[in-house]
Amino acid sequence: MSYDFKTSEAKWQQRWEEAKIFEAQDDFSKPKFYGLVEFPYPSGAGMHVGHIKAYSGLEVISRKRRMEGYNVLFPIGFDAFGLPTENSAIKFNTHPRILTDKNIEKFTSQLKRVGFSFDWTRTIDTTDEDYYRWTQHIFLEMFKHGLVFRDTALVNYCPHCKVVLSNEDSQGGKCDICHSDIVQKSKDVWYLRITKYADRLLTGLESVDYLPQIKQQQVNWIGKSTGAFVNFSVKGGEEGETLRIYTTRPDTLFGVTFMVIAPEHPMIEKYRDQIKNIAELDAYKEECAKKTEFQRTQLVKEKTGVRIDGICGINPVNGKEIPIYIADYVMMGYGTGAIMAVPAHDERDYDFAKKFGIDIIEVIKGGNIEEAAYTGDGDMVNSDFLNGFTNKKDSIKKMIEVLEEKGIGEEGVQYKMKDWAFNRQRYWGEPIPIVHCAKCGMVAVPEEELPLRLPEVENFEPGEGGESPLAKIDSFVNCKCPQCGGDAKRETDTMPQWAGSSWYFLRYIDPKNDKALADPEKLNYWMPVDWYNGGMEHVTRHMIYSRFWHKFLFDIGEVNTDEPYAKRTAQGLILGPDGEKMSKSRGNTVDPNEVIDGFGADVLRTYILFMGDYGAATPWSDSSVKGCKRFIDRIADLVGMVNGEGATPALESAFHRTVKKVTEDIENMKFNTAIAAMMTLLNQIYEVKTLTKDELYTFIRILCPFAPHVAEEINEQLGNSDLLSLAQWPTWDEAKCKDDVIEIVVQINGKIRARLNIAADAEAADAIALAKEQPAVQEAVNGKTVVKELYVKGKLVNIVVK
RNA sequence: GCCGGUGUGGCGGAAUUGGCAGACGCAAGGGACUUAAAAUCCCUCGGUGGCAACAUCGUACCGGUUCGAGCCCGGUCACCGGCACCA
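To start, this report covers the structure provided alongside it. Note that the coordinates shown come from a computational prediction; the quantities given were computed from them, not determined experimentally.

1. Considerations on the overall build of chain A
Assigned secondary structure in chain A consists of 25 helices and 28 strands. Reported as C-alpha extents along the three principal axes, the dimensions of chain A are approximately 100 × 85 × 50 Å. Taking all 802 residues of chain A together, 54% fall into the buried category. Summing over all exposed atoms, chain A offers an accessible surface of approximately 34,900 Å²; the carbon and sulfur share of this is 49%. Here chain A contributes 98 positively and 119 negatively charged side chains, and the mean placements of these two sets differ by 2 Å.

In structure tokens, the structure reads:
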């Protein structure tokens, strides 16, 4: 019989809300659990099933934690600043505030229909001025602590969105939002000095429990390398002029036959007059500037460059004169923008040397430098005092000693991570609370003037040159300098979308506080986040940014933990039924509302967790949803089979095993096998067609985190007046998980020849003796020599014969 | 190119981490109930051979370790994700 999920689900959602059972208590005496999911961007399209999957993991865990007696904080909010809303506001000629409110309302009602146990009293919205007031506060603190700076730089610019994008937002040379091609543009840019925290972001990973692939991605993103800086004298330059390079292999210094500097390297400007072929260099530079960084890095095959005529470098270890080239395979943004080239042992330098006919000197044995660069390890040769070194660690160490002794270089560290370009020329973001004063320079807006509100504007279109729409609002722009009181102008750029999400988990702890971003006592109790789940796409950007902010807040004493997240996991994508990534354009999306309408929230929740490994991408299947529908309906019918109290002998061990399995599987996010175990138990109950009240009560408690509505409904039918969502999580008896008599297999040389029933705790000798009595075994052993006899308790007997 | 991951029936996926491969679910086929359909219930369901018990092959491919390998080791191929002239 199909149960009436529509009435039931609405009823229980209302009762939970009335009873306030999912509201976290600031009762510091209780053990706490802070479960965090990545808050959604409230788009106009509404939620998709991927959102449901992203929240369902910690939903189950949070519900279980409550039943285990924890004080649980499981909040939700909205990360609502950003381009899509602004763009559709422009398109529909409305205000992003109106759209945002509408979208949040839509998301809220959808989330509530699923029955998520979020604490709705702590909801936050990053576009709320009471929220972004604190985002601005953190920015100002960073500004005061020297972590904010401004620089002119070649930036990634999206001509379609008319915004400057960070490297992170323009991966692959495409705009993250509209996927247009990015162009390079020179602009004044705000930066956050995240590189100052690079090493701590790296070492901090040792103290947290993130999935290994998440840690690995962060390590790669930070991209630490160790090596040395070496100063090459420049012949033709000023007295004492040096060209500083960074290398990870200083021990190959004797193999250096040329140097390369980036086209933007300042040395070219400095020696314009000395350089004889400056026109040629200028032409090359112009050619490079036309290419986007993406194009530059795409041209892997063919090396280009121009030799600088008029100055050259001097190898500091042997005094040899070497030519200097400019080439775009060297980037200004990494290291010093200059390299020493060792063509024998670097593929890029090798290609370049071959093309330009430069000498190639072997310094590491092991390859054939006539044919290709040798990048492996080997004995050092042609290297003076390094000759005879066989180990790269030792030779690098020795070279650094010599460099430091002679004062021509030193050990050094480099990171691939760059400083964070922290501004957008758009309206729908947090205004940067800085005033530009002709006399005082950049001045922080005083704390008491926060929030610095977004002004009302008629027109959100960005300016043609990439100016912020705010720049057109005179009443916003013109102001007095907080320091000298003179006329000044406000900064008109806004913060990037990543700002609001870099600290939101702190605000949930104390969302209404108007004195601080959160009360220190409450922070002390709730932080760190015990378990954070989200998408793999956020493990580098959002996670590294928020860890950076958190470490900064820790340094200035505003939070009590160095790391914000104790544990981090990630869910896999839900693919379309065709196995492809879901997208509107492909037409393979699934609307969660339709599933709830047709089958109920419990079925949707159960299916999403049952469909496959939580961490893996899995295609959606409409027909498989029906399997979960049957599961829920069959559970609803169990009430009619209840007969008596205590335990049903035929089911007793099955119950203990299932409770154990479900309990353990939830902790490991193996929701699919937890549900499979409950299905197996259900099948076993249907075989005997009877169970006791106590057993059903146990069943619905382990079911509750997955399908809470039907579980509550059954609980009520059992005559219990307390809400099941607050019931105690069941325990199991390890001894009762196992049967007394079990079936084991008998193998001959690893092949199964017989099966036998035996006491679970039987001794090896008895088991082997019993195995040998089996006719099939006797036949197989007959006439052969028994070499070995093995007994694996509870599993098998294996007899090895010859 | 580098880093990470994956490869198991018609499909989604299990396999206590070296011990009965295919749990659980879907789809499919057969049957029951029904005037009929849906729903529900029962049976079958990796390949080959056999009426059958059973035999035999089988976890991308090749090889190895082991009494025993989907799992460990060496090599190959394919696909997915991330990074990428990072010195």
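2. Considerations on the packing of aromatic side chains
Remark: the centre distance and the inter-plane angle together describe each pair of aromatic rings, the angle taken between the planes. Applying the stated criterion across every chain, the model contains 41 aromatic pairs. For the pair F422 and W549, a centre-to-centre distance of 6.1 Å together with 45 degrees between the ring planes defines the contact as tilted. Taken as a pair, F422 in the loop between β16 (420-421) and β17 (434-437) and W549 in helix α16 (residues 541-555) lie far apart in primary sequence, 127 residues in all. The exposure classification of F422 matches that of W549, with both residues buried. Considering the side-chain rings of Y427 and W428, the 6.2 Å spacing of their centres and the 20 degrees angle between planes classify their relative orientation as stacked. What makes W428 buried here is its relative accessible area of 6%. An aromatic cluster is defined as three or more aromatic residues linked by ring pairs; in this entry it consists of F139, W190, Y197, W420, F422, W498, Y545, F548 and W549. A cation sits over an aromatic face here: R133 above W134, 3.8 Å from the ring centre. The ring of F476 carries R490 above its face, with NZ or CZ at 5.8 Å from the centroid.

3. Here we look at the nonpolar core
Within the largest apolar cluster, 82 residues are counted, with the highest numbers of intra-cluster contacts made by Y34, F139, F548 and W549. If one sorts the elements of this core by residue count, helix α5 (residues 129-144) sits on top with 8 residues. Discounting residues that sit within four places of it in the chain, Y34 has contacts with L73, P75, F505, Y508, I509, W526, M527, P528, V529, D530 and W531. Residues F5, F33, A54 and V659 belong to the second largest nonpolar core, which totals 77 residues.

4. Focus on the pattern of salt bridges
In the structure shown here, the tally under the stated rule is 49 salt bridges. For D199, the salt bridge is made with K224, and the minimal N-O distance between the two is 2.9 Å. A residue pair is termed long-range when its members are at least 10 positions apart, and D199 in helix α6 (residues 198-203) and K224 in strand β9 (residues 224-235) qualify at 25 residues. What makes K224 partly exposed here is its relative accessible area of 37%. Put simply, E734 and K660 hold a salt bridge, and the shortest N to O gap is 3.0 Å. Of the two residues, E734 sits in the loop between α23 (708-717) and β25 (741-748) while K660 sits in helix α20 (residues 652-667), which places them 74 residues apart along the sequence. The class for E734 is partly exposed, based on a relative accessible area of 36%.

5. Digging into unusual backbone geometry
Between L450 and P451 the backbone carries a cis peptide bond, its omega angle lying at 0 degrees. Inspection of the secondary structure assignment puts P451 in the loop between β18 (441-444) and α13 (474-477). In this structure, the amide linkage connecting M527 to the following residue, P528, adopts the cis form with an omega of 0 degrees. Looking at where P528 falls in the secondary structure, it is placed in the loop between α15 (520-526) and β21 (531-535). Positive phi is not limited to glycine here, since N93 has a value of about 55 degrees. Along the chain, N93 falls in the loop between α3 (83-91) and α4 (96-114). With a relative accessible area of 69%, N93 lands in the exposed category.

6. Focus: the sheet that holds strand β28 (residues 796-801)
An order of β26-β25-β28-β27 is seen for the 4 strands of this open sheet, with the pairing classed as mixed. This sheet does not close on itself; its edge strands, each paired only once, are β26 (751-759) and β27 (786-792). Averaged over all pairs of adjacent strands, the angle between their axes in this sheet comes to 20 degrees, without regard to strand direction. Examined bridge by bridge, β25 and β26 share 8 bridges and lie antiparallel to one another. Bridge pairing in β26 places V745 opposite R755.

7. Examining the side chain of S117
Following the sequence through the fold, S117 ends up in the loop between α4 and β4 (124-125). If we skip the residues at most four places from it in the chain, S117 touches F22, E59, R63, R66 and F74.

8. Quick look at the sheet that holds strand β2 (residues 71-73)
The 5 strands lie next to each other as β2-β1-β21-β22-β8, forming an open sheet whose pairing is parallel. Since the sheet does not close on itself, it has two edges, and those belong to β2 and β8 (209-210), each with one partner. As defined by bridge partners, β8 adjoins strand β22 (residues 567-571) across 2 bridges and the pair is classed as parallel. If you follow D209 over to β22, its bridge partner there is K567.

Cut-offs and rules
- Residues numbered from 1 in each chain as written.
- Chains lettered and ligands numbered in written order.
- Predicted model: local features only at pLDDT ≥ 70, side-chain atom pairs only at ≥ 80, totals over all residues.
- Heavy atoms only, no water.
- Helix = DSSP H or I, 4+ residues; strand = E, 2+ residues; numbered from the N terminus.
- Buried < 20%, exposed > 50% of the residue type's maximum accessible area, 1.4 Å probe, protein only.
- Areas by Shrake-Rupley, 256 points an atom, 1.4 Å probe, with all protein chains shown as cover.
- Lys, Arg positive; Asp, Glu negative; His and termini not counted.
- Charge placed at Lys NZ, Arg CZ, Asp CG, Glu CD.
- Phe/Tyr/Trp six-rings, centres within 6.5 Å; stacked < 30°, edge-to-face > 60°.
- Lys NZ or Arg CZ within 6 Å of the ring centre and 35° of its normal.
- Core = buried A, V, L, I, M, F, W, Y, C linked by side-chain atoms within 4.5 Å.
- Contact = heavy atoms within 4.5 Å.
- Salt bridge = Lys/Arg side-chain N within 4 Å of Asp/Glu carboxyl O.
- Pairing = 2+ DSSP bridges.
- Axes fitted to C-alpha atoms, helices over the stretch in contact; angles between N-to-C directions.

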